[in-house]
Each structure stands twice: as structure tokens, then as C-alpha cells.
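# Structural overview for review
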Amino acid sequence: MRRVAVLGGMRIPFCRSHTAYAELSNLDMLTVALGGLAEKFALQDAHIDEVVGGAVVTHAKDWNLAREAVIGSPLAPTTPGITMMQACGTSLQGALSLAAKIATGQIDSGIAMGSDTTSDAPIVFQRKFAQRLVKMSRARSLGQKFSAFKGLAPGEMAPVPPDTREPRTGLGMGEHCELMAKEWGITREAQDLLAYESHKKAAAAYDEASWTIWSSRAPACSATTMSARIFPWRRWPS
């Protein structure tokens, strides 16, 4: 197994929803961050063995999100982009996947990335109304098009916002975490201490390392409801 190293990273500033990034999509944010990463590490026209990433919630049009971000970046167009989704752990799972491939010799370098925006939420129609639209698009005559909406009820046109609750339990991530903490007897003090120690170790790691995560060119703002993160990976030289 080969050693794997994190060489550095790039992100755009965190931002409150519906403010500075209100008009930007997940693709826009990933492309900006990826472009900043390429500039910082002189990766213009460089072929990276694999770029893996995605977003917490995406539009149907973003089925090839990672590849589109690569095409919009200064990286060589031969760089493959693989889209994946695992809620808030998308970029971390991408990084672990790349690390495993580097360690086993399948690839030598990679970039893991992730994005999250609630300013560009994918709002869809009710399933029944969506089926009517499909039927209308397949109709050949004007009469057939109108017949697709026969018996239309106003409630069918109500938009369906994205929902991150688990379909089997109806609970969100935080609610499940509360149940887990209660079942295992994990106190709030223990949780706060873990978070505190984690931040201390992260700060120490940045102080001891020769690299930092820089902000790419994007509107400066505050808070933490939106982010894009990218981490390059490469085989550690022997």
C-alpha cells in the first residue's frame, strides 16, 4: 500500500442563504473553487487522474456535475469527473475513495470536492402533474395536448420542495443524532468537548503544515449555510 498525502485545498467563503450567492448554482460554486485550486497549484491544462464530487441536493440537470465543473475549469479536458452524493459527507467520501485508489496504485492524483446551497433548491412539481406534462409533450395534436390536463386539480400544481428527512422514519439528521445520543448516553458536555478538541487539533494541523486552505475569488460574506470545498490528493513520494 502506498502512502497518501493531502497537499492542500481551496474553498469559497461561507455565506448565508439568499445573499451573496443567491444567483449561483452548485455548478457555479464548484467551478469557481476548482478554478482557484488550479491557479493556486499551477494546474492549468494539467491532467488529474480523477476528480470526484457532488452536492448535498442537486437539480436533475446536474447529473454530471463533477464533469461539468472540470470542463469549466483550467484543468485538462481529459480529466475525468465522477459525480457522487452522500449528503454532507459527499466530499469526504470522495476523498476517501481517491485515497484508496492512490494507495492501491490505481491512480496517482485526484481532487475531491463538495458543494451545498439552499439558495438554488430544486423545486419540482407533484408527480401526477409531472406525468401530465410528459403526456402533453408526447401528444401529437392540439386536442391530445389539452386532454392531458383533463380533470386537473389545483393541488397537483403545488411545488414540492426538497426534503432531507429519511423516508422510512420521517426524521432529519439532527433528530436521528439526538436519538443516538440518548440511546448511548452521550451528554451535551461530552459532545461539546469533542467538538472543542477537534477544532484544536485542526488548528494545530494547519499551524504545523506547510499549506493552508485559501479562499478563491468569490464575494466575501459570513456564516456557514453554504460552502464549496476542494482537496487535492497525490501519492506521497517514496
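Coordinates for the structure precede this section.
Source: prediction; values computed, not measured. In this convention, every chain numbers its residues from 1, walking through the sequence in written order. It should be noted that, the model being predicted, local features are given only for residues of pLDDT at least 70 and side-chain atom pairs only at 80 or more, the latter also being counted only at that level, while totals for whole chains, interfaces and linings use all residues. Calculation of side-chain values draws on the structure's entire complement of heavy atoms; hydrogens and water are dropped beforehand.

The next subject is helix H3 (residues 90-103). Put simply, DSSP marks the helices as runs of H or I at least four residues long and the strands as runs of E at least two long, and each gets a number from the N terminus on. Here, expected helix span is obtained from the residue count minus one, scaled by 1.5 Å. Its 14 residues place the ends of H3 20 Å apart at the C-alpha level, agreeing with the 20 Å of an ideal helix rising 1.5 Å per residue. Partly exposed describes any residue whose relative accessible area lies between the buried limit of under 20% and the exposed limit of over 50%, with all areas from a 1.4 Å probe on protein chains only and scaled to the type maximum. Regarding H3, the residues found buried are Thr90, Ser91, Gly94, Ala95, Leu98, Ala99, Ile102 and Ala103. Among the residues trailing H3, Gly105 stands out with phi positive, at a value near 85°.

Below, the discussion takes up the pattern of salt bridges. Side-chain pairs of opposite charge can arise where the charged atoms are in close proximity. Salt bridges are counted wherever a side-chain nitrogen of Lys or Arg sits within 4 Å of a carboxyl oxygen of Asp or Glu. Per the counting criterion, the structure on display carries six salt bridges. Arg2 serves as the salt-bridge partner of Asp108, at 3.0 Å between the closest nitrogen and oxygen. Pair noted here: Asp108 is in the loop between H3 and strand E5 (109-116) and Arg2 is in the segment before strand E1 (4-6), with a separation of 106 residues, a long-range link. Owing to a relative accessible area of 36%, Asp108 belongs among the partly exposed residues under this scheme. We classify Arg2 as partly exposed; its relative accessible area is 27%. We note a salt bridge from Glu156 to Arg132, for which the minimum N-O separation is 2.7 Å.

A word on the environment of Thr90. Secondary-structure assignment places Thr90 in helix H3. A C-alpha to C-alpha distance of 8.8 Å links Thr90 and Ala112, two positions 22 residues apart in sequence. Note on contacts: a residue pair is in contact if any heavy atoms of the two residues lie within 4.5 Å. Ignoring any residue separated from it by four or fewer positions in sequence, one finds Thr90 in contact with Gly53, Gly54, Ala55, Met84, Met85 and Met113. We define a polar contact as two N or O atoms separated by no more than 3.5 Å, with the added condition that, inside protein, one atom must be a possible hydrogen donor and the other a possible acceptor, whereas residues neighbouring each other in sequence contribute only through side-chain atom pairs. A polar contact is formed between the side chain of Thr90 and the backbone nitrogen of Gln86, at a distance of 2.9 Å.

It is worth spelling out the packing of aromatic side chains at this point. Paired rings are identified among Phe, Tyr and Trp, the last through its six-membered ring, by centres lying within 6.5 Å, and are further divided according to the angle between planes into stacked (under 30 degrees), edge-to-face (over 60) and tilted (the rest). Here the structure, examined in full by the defined rule, presents two aromatic pairs. Ring centres of Phe129 and Phe149 lie 6.2 Å apart, and the angle between their planes is 50°; on these two criteria the pair is classed as tilted. Of this pair, Phe129 sits in helix H4 (residues 127-138) while Phe149 sits in the loop between helix H5 (142-147) and helix H6 (173-184); the two residues are 20 residues apart in sequence, bridging distant segments of the chain. Counting every residue linked through ring pairs, the aromatic cluster contains Phe125, Phe129 and Phe149. A cation over an aromatic ring shows up here: Arg11 above the ring of Phe14, its NZ or CZ 4.7 Å from the ring centre. As a reminder, the over-ring test applies to NZ of lysine and CZ of arginine, requiring each to be within 6 Å of the ring centre and within 35 degrees of the ring normal.

Moving on, we get to the side chain of Glu156. Mapped onto the secondary structure, Glu156 falls in the loop between H5 and H6. On the accessibility criterion, Glu156 (8% relative accessible area) is buried. Apart from the residues lying within four places of it in its own chain, the contact partners of Glu156 are Gln126, Lys128, Phe129, Arg132 and Gly151.

Let's shift gears to unusual backbone geometry. The backbone of Ala42 shows a phi angle near 55°, a positive value even though the residue is not glycine. Relative to the elements of secondary structure, Ala42 occurs in the loop between helix H1 (26-40) and strand E3 (51-55). Among the residues examined, Ala42 registers a relative accessible area of 58% and is labelled exposed. Its identity is not glycine, yet Asp45 carries a phi of approximately 65°, on the positive side. You can see Asp45 is positioned in the loop between H1 and E3. When its relative accessible area of 65% is taken as the criterion, Asp45 is described as exposed.

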